[in-house]
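# Remarks on the overall topology
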Amino acid sequence: MYAQVAIKGPYGGLFSYTIPDALREAAIPGALALVPMGRGNRTGLIWSLADTCDYTGEIKPLADILGDTPPLNAELMRLLDYIARYYRQAPASIAAAALPAHLLHDRKRRVIWLGETAPPDSLSPALRALADHLRKRKNGLMESTIAQHVGRAGLDRKLKLLRDDGLIRIEESWDARHKARENPHWEAEEQAEVRQLHEPPQLTDEQQEAVDALNEAITAGRFAPFLLQGVTGSGKTEVYFRAVETALAQGRQALLLVPEISLTPQLTARYRVRFHETLAVFHSGLTPARRHDEWRRARSGQARVIIGARSALFAPFADLGLIVVDEEHDGSYKQEEGVPYHARDMAIVRASFNQAVVVLGSATPAMESLHNAQHGKYHHLRLTQRATGADLPPIELVDLSDPQNREGMRAHSLIGKTLREAMSETLAAGKQSLLFLNRRGFAPALLCNLCGHSVSCPNCAVALTLHKGRNQLMCHYCDHVADPPDVCPECGQLGLIRFGPGTERLEEEVKQRFPDANVARLDRDAVKGSADRLAKTLDAFRSGAVDILVGTQMIAKGHHFSGLSLVGVIAAESAMSQPDFRAAERAFQLVTQVAGRAGRERGQTGRVLVQTFDPQHYALTAAACHDADLFADQELRFRAEAEYPPFSRMALVRFSCEDLGEGDRFVAELRRNLPHTEGALVLGPAPAPLSKLRGRHRWQLMIKGADIRMVHQAVGRILAAAEPLAGRNLRIGVDIDPQAFV
DNA sequence: AGCACGCCGACT
DNA sequence: GTCGGCGTGCTC
Ligand SMILES: [Zn+2]
Ligand SMILES: [Zn+2]
C-alpha cells in the first residue's frame, strides 16, 4: 500500500510513499503527513491510497502523521480531487486553498548556540557578527527572527559553516497548531447584539411557492439544484432562511456563499439573529488563527450554518444538506489569483456528492445558469414581485452624446443636464439621490497632457494609481510604490496633471453644482483604515443627514434606503470596459442592481437615470424595462450565434516568463508544435492583453470546444506539447471556464 | 517551488 | 581568503 501525498512542488503531482506499520491506522486520505523529500522533510496532504505506484526510483516511507484527526474528511477529499481534475490544478494548490493556512506550513528552524565561551578568533568577520548575535540567547533563536536582524543574504551558508564548526545546533520542526485554542474566537458572537426575539415576516405567495418547492426537495434528501431568480427586493433572503431552517430541522447543515463584498457585519448580524450560536462565519478579514477557530467550530459540528465568501466552499461539514449561492452571477466566485475554481459551479458538485439541495439565487442570473434552468438541469423558481409590493422604479436611459444633454458640461464633467436637473428637483423636494460610478475606467492617475502618456508600473503593463493622501503612485497588481515624478517620463516635459479618482471628481462636481447639499462619498479609499466608516456613512444616508451619496460597487449591493428617490448611473458602458463576451451581461447586471436601490418601499416613486453613449444597446434597453427575459433571449441568441458559453466551453492556457526573449522563443516554438484536437478551436498563443504582470511577460492561448471533454482533451495535449519546451523560468497555468481574459 | 551546492567575480 | 550573486540539479 502506498500513500499518494500532495506536496507543493514543480510536478504539482502526487508523490508516493510506503506506509510504516506504526502509521497504518493514521495514514488515511485527508491526513497531514510529514514526508522525506530530497535532503529534508516536507509537510503534505495524503490525497489517496494506492496498491501500486509507477515511480521507478527509491520509494521512502512516511516520516509521521501530524495532528490526531485528519483535517479533511472523505467527503471533502472527494470534492478536492474533483476540483483538481476539472480545473487541471496541482493537488497541492487545491489543498492549500482548502486547509486553514496554519496547517500546511514550511519548515521552521531554531538555532542554538553551543559554545560556553566566546566564539573563536579564527572566525571571519561575517560569521563573527552572526555568532555574536546568536550567543546572546541561550535557548536559541528562530531562523526567521535571525533573518530579520542580520539579513537573509547568505544566512543558510553561514549557519552551515557554524554548524560544521560545532558551534551551533539547528533544530527543525514542522509542528502545526493542530490543537484547539483555550478560548477560541467566535466571529458571529463578536458581531451580533443580544439575541433578539425574532418574528419571521409573512411570505408572499411567490415566496411561499419557492419555499414549498425547496422544503420538499430538502425533506426528500436527494441532490436537487435550483435557480431562484427574483427581482431586487423580492425577498430571496427570507426564502434562504426558511430553507436553512428546514435543513436544520432535518438534522443537516447548511452552507451560504455570498460575494466577498456583501459579507458585511450587517449581513452576518441578520443571520445571527436567526440562527444564534449555530452560525459560523468565514471571511478573508479574519486572522489565520481566528479563521482556524471558525473552521474547527464547523468541523466539530458545533456550527450548523456557515456563511462565507468563495473559500467557504471548503468548510468542513458532517452532514451538509443545503448550499445557497447568493448573487450566483457575481464574478468574485471565480478568481484568477491563486486557484481558479468557480465556487458556484463547485457548490453544485459538492451538493451532488452530499445528496444536498443547492440554490443559486440572483436577480440577474448568469447565462450559464439560465441555460441550465431552461434545459431542465435546474428547477427554475421565480419571484417577480417585490416583497413590499412596491413597483420597480422606471429607468430612463440618457444619451451622453446628445448635445442637448451635454449643455453646461465642461471638459471632464461627469453629470449631464438631465441628471443634473433631476438631482436638483430631488433636492428641492427634500429627497435623496445616489450616484453610482464604476471603479473601473475611472482610476486616479498621473497623465501628461502634452504627450498623453500615463505613468505606468515598471513591473506590470498598467498605469499606476495615484493615491492622493500619501501622494504616491501605486500599482494595483504588484506592490510597486513610487513618488510622483516632476517631469513626464516619456517626453521629459512639465506636462503631468493629476487625474483624481472618478468618485472624488464626481463628489467635487456635485458639491460645486449643489453647494448647499450634504454630499458623502463611499469607495474603497473612503472606508480604508476605519472599520465603522462604511456603516456610519450608510447610517447617515439612511437617517437623511446626507442628501447625495456618491460611490462605487460598495453602494450597489443589498443596501436599503427608504428616503432614496433618485439613482444615477454615471457611465453604463464602464461595465463593458473589458471587451469580452460577457460585457453585455455585466452591463445588464450592473444597471439592474444599482436601479434596485431606488423606490423599494410601497407608494414611493423612485427614478433611475442611466447615462450612456449607447442608449440603443440591448443590455441597457432591456434593463430599462426590467425585462430579464428579453435580455436573456437576446444575449443567449448572441452567445449561440458566436458559439460562446453556455453554447461552448472555454479554457485559457497562460505562459509567463521574466525574460521577454526567452518567452518569445518558447511561444514561437510552441506555435510550430501546436497539437490539433478535433472539435476544439485553438487561438494563439499570443501576448496577453495584460502583457506584463509583476515583472513577468505574459502570453495566452484560448481554447474553445463544444463540450468540456473536448476542452480537457485539448488542454491535455497542449500541456503535453508545452511542458517539454518550457525551461525552468517559464511558468504555465491553466484556467478552465475563464471569467477574465486579461 | 524549495533547497543545497559549487563556480566565479568583486573586494580587501 | 572571504563574501555573496547566480546558474544548476534533484526531489517519491
Ligand atoms: Zn509627456
Ligand atoms: Zn505593478
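Position numbers for residues start from 1 in each chain and track the written sequence from start to end. Written order decides the labels, with chains lettered from A and ligands numbered from 1. With the structure being a predicted model, the display of local features is reserved for residues of pLDDT at least 70 and the display and counting of side-chain atom pairs for 80 or more, all residues being used for whole-chain, interface and lining totals. Excluded from the side-chain calculations are hydrogens and water; all other atoms, namely the structure's heavy atoms, are used.

Each helix is a run of DSSP H or I of at least 4 residues and each strand a run of E of at least 2, with the numbering of both proceeding from the N terminus. Tracing the chain through its elements places arginine 731 in strand β30 (residues 731-736). A residue is classified by how much of its surface remains accessible, and arginine 731, at 51% relative accessible area, is exposed. A C-alpha to C-alpha distance of 8.0 Å links arginine 731 and arginine 654, two positions 77 residues apart in sequence. We call two residues in contact whenever any of their non-hydrogen atoms come within 4.5 Å of each other. With sequence-adjacent residues up to four places away left out, arginine 731 is seen in contact with Arg654, Phe655, Ser656 and Arg696. Only protein chains enter the accessibility calculation, which uses a 1.4 Å probe. A residue is then buried if its area is under 20% of the maximum for its type, exposed if over 50%, and partly exposed in between.

So, on to the coordination of the zinc ion (ligand 2). For Na, K and Ca the donor cutoff is 3.2 Å, while for all other metals N, O and S atoms must lie within 2.8 Å; water is not among the atoms, so some sites may look incomplete. Surrounding the zinc ion (ligand 2) are the protein donor atoms Cys457 (SG), Cys460 (SG), Cys475 (SG) and Cys478 (SG), which sit 2.2 to 2.4 Å from the metal. Square planar and octahedral assignments, for four and six donors respectively, both demand that opposite donors be over 155 degrees apart and that all other angles lie between 65 and 115; tetrahedral needs four donors with all angles between 85 and 135 degrees, and anything else is irregular. Geometry at the zinc ion (ligand 2) is tetrahedral, judged from the four donor atoms that bind it and their angles of 102 to 115 degrees at the metal.

The description of an aromatic ring pair rests on the distance of the ring centres and on the angle between the ring planes. Ring pairs shown here join Phe, Tyr and Trp side chains whose ring centres sit within 6.5 Å, with only the six-membered ring taken for Trp; geometry is labelled stacked below 30 degrees between planes, edge-to-face above 60, and tilted in between. One pass over the structure, following the stated rule, counts 14 aromatic pairs. Considering the side-chain rings of tyrosine 86 and tyrosine 87, the 4.7 Å spacing of their centres and the 75 degrees angle between planes classify their relative orientation as edge-to-face. Linked through ring pairs, Tyr82, Tyr86, Tyr87 and Phe353 together constitute an aromatic cluster. For a ring to carry a charge above it, either NZ of a lysine or CZ of an arginine must fall within 6 Å of the ring centroid while also lying within 35 degrees of the normal to the ring plane. Cation over ring: arginine 310 sits above tyrosine 341, and NZ or CZ is 3.8 Å from the ring centre. We note lysine 704 situated over the ring of tyrosine 644; from NZ or CZ to the ring centre the distance is 4.7 Å.

Once that is clear, we can look at the domain arrangement of chain A. Per the domain assignment, the segments of chain A are domain 1 (2-104), domain 2 (108-173), domain 3 (186-383), domain 4 (395-443 + 500-638), domain 5 (446-497) and domain 6 (649-736). An automatic or database domain assignment supplies the residue ranges for each domain. A straight line from the C-alpha centre of domain 4 to that of domain 6 covers 39 Å.

Okay, the UniProt feature "domain: Helicase ATP-binding" (unreviewed entry) in chain A next. UniProt tags residues 217-383 as "domain: Helicase ATP-binding" (unreviewed entry). Between the C-alpha atoms that bound residues 217-383 the distance is 18 Å, and the span itself is 36% helix and 23% strand. UniProt positions are given in the numbering used here, feature names are shortened, and annotations may be inferred rather than shown by experiment.

With that settled, the discussion passes to the sheet that holds strand β3 (residues 32-37). Read from one edge of the open sheet, five strands run β2-β1-β4-β3-β5, paired in antiparallel fashion. Bordering the open sheet on either side are β2 (14-18) and β5 (64-66), each of which pairs with just one other strand. With strand direction ignored, the average angle separating the axes of adjacent strands in the sheet is 50 degrees. Here an angle of 0 to 180 degrees is reported between the N-to-C directions of two axes, which are lines fitted to C-alpha atoms, with helices fitted over the stretch in contact. On the sheet, helix α2 (residues 91-98) packs against β1 (2-6), β2 and β4 (40-50) and is oriented at approximately 100 degrees with respect to β4. Pairing between strands requires that DSSP locate at least two bridges from one strand to the other.

Moving on, we get to helix α20 (residues 628-642). Given a helix with a known number of residues, its expected span is that number minus one, times 1.5 Å. With 15 residues, α20 extends 21 Å between its outermost C-alpha atoms, agreeing within 8% with the 21 Å of an ideal straight helix rising 1.5 Å per residue. Restricting attention to buried positions, one finds in α20 the residues Ala628, Phe631, Ala632, Glu635, Leu636 and Arg639. Buried residues of α20 fall within an arc of 120 degrees about the axis and therefore sit on the same side. Tucked inside the fold, the buried residues of α20 contact β9 (224-230), α12 (367-374), α18 (583-595) and α19 (618-624). Pairs of N or O atoms within 3.5 Å make up the polar contacts considered here, provided that, within protein, one atom can donate a hydrogen while the other can accept it, and that residues adjacent in sequence are counted only when both atoms are side-chain atoms. Put simply, aspartate 627 is the residue that caps the front of α20, since its side-chain oxygen is 3.2 Å from the backbone nitrogen of aspartate 629. Looking one or two residues past α20, glutamate 643 carries a phi angle of roughly 55 degrees, positive in sign. Directions are taken from the helix axis to each C-beta atom, and the arc is the one they span.

Below, the discussion takes up the UniProt feature "binding site: Zn(2+) 2" (unreviewed entry) in chain A. UniProt's entry tags Cys457, Cys460, Cys475 and Cys478 with the feature "binding site: Zn(2+) 2" (unreviewed entry), counted in the numbering of this structure. Annotated residues spanning 22 residues; largest pairwise C-alpha distance 8.7 Å, indicating a single compact cluster. Inspection of the secondary structure puts cysteine 457 in the loop between β18 (445-448) and β19 (465-467). Once residues within four sequence positions are removed from consideration, cysteine 457 is found in contact with Val462, Leu464, Cys475, Cys478 and His480. Tracing the backbone shows cysteine 475 in the loop between β20 (472-474) and β21 (481-482). Assessed through its relative accessible area of 9%, cysteine 475 is described here as buried.

Below, the discussion takes up the nonpolar core. Among the nonpolar cores identified, the biggest contains 119 residues, and Leu80 and Ile703 are the most heavily contacted of them. The residues contacting isoleucine 703, other than those within four sequence positions of it, are Arg649, Met650, Ala651, Val653, Ala680, Leu681, Val682, Val711, Ala714, Val715 and Ile718. As used here, the term nonpolar core means buried Ala, Val, Leu, Ile, Met, Phe, Trp, Tyr and Cys residues forming a set that is joined through side-chain atoms within 4.5 Å.

Before going further, it helps to examine the coordination of the zinc ion (ligand 1). The zinc ion (ligand 1) binds to the protein through Cys448 (SG), Cys451 (SG), Cys488 (SG) and Cys491 (SG); the donor distances cover 2.3 Å. In this structure, the zinc ion (ligand 1) is coordinated by four donor atoms arranged in tetrahedral fashion, with angles at the metal of 105 to 116 degrees. In the primary structure, the donors to the zinc ion (ligand 1) are separated according to the pattern C-x2-C-x36-C-x2-C. For cysteine 491, a relative accessible area of 28% translates into the label partly exposed.

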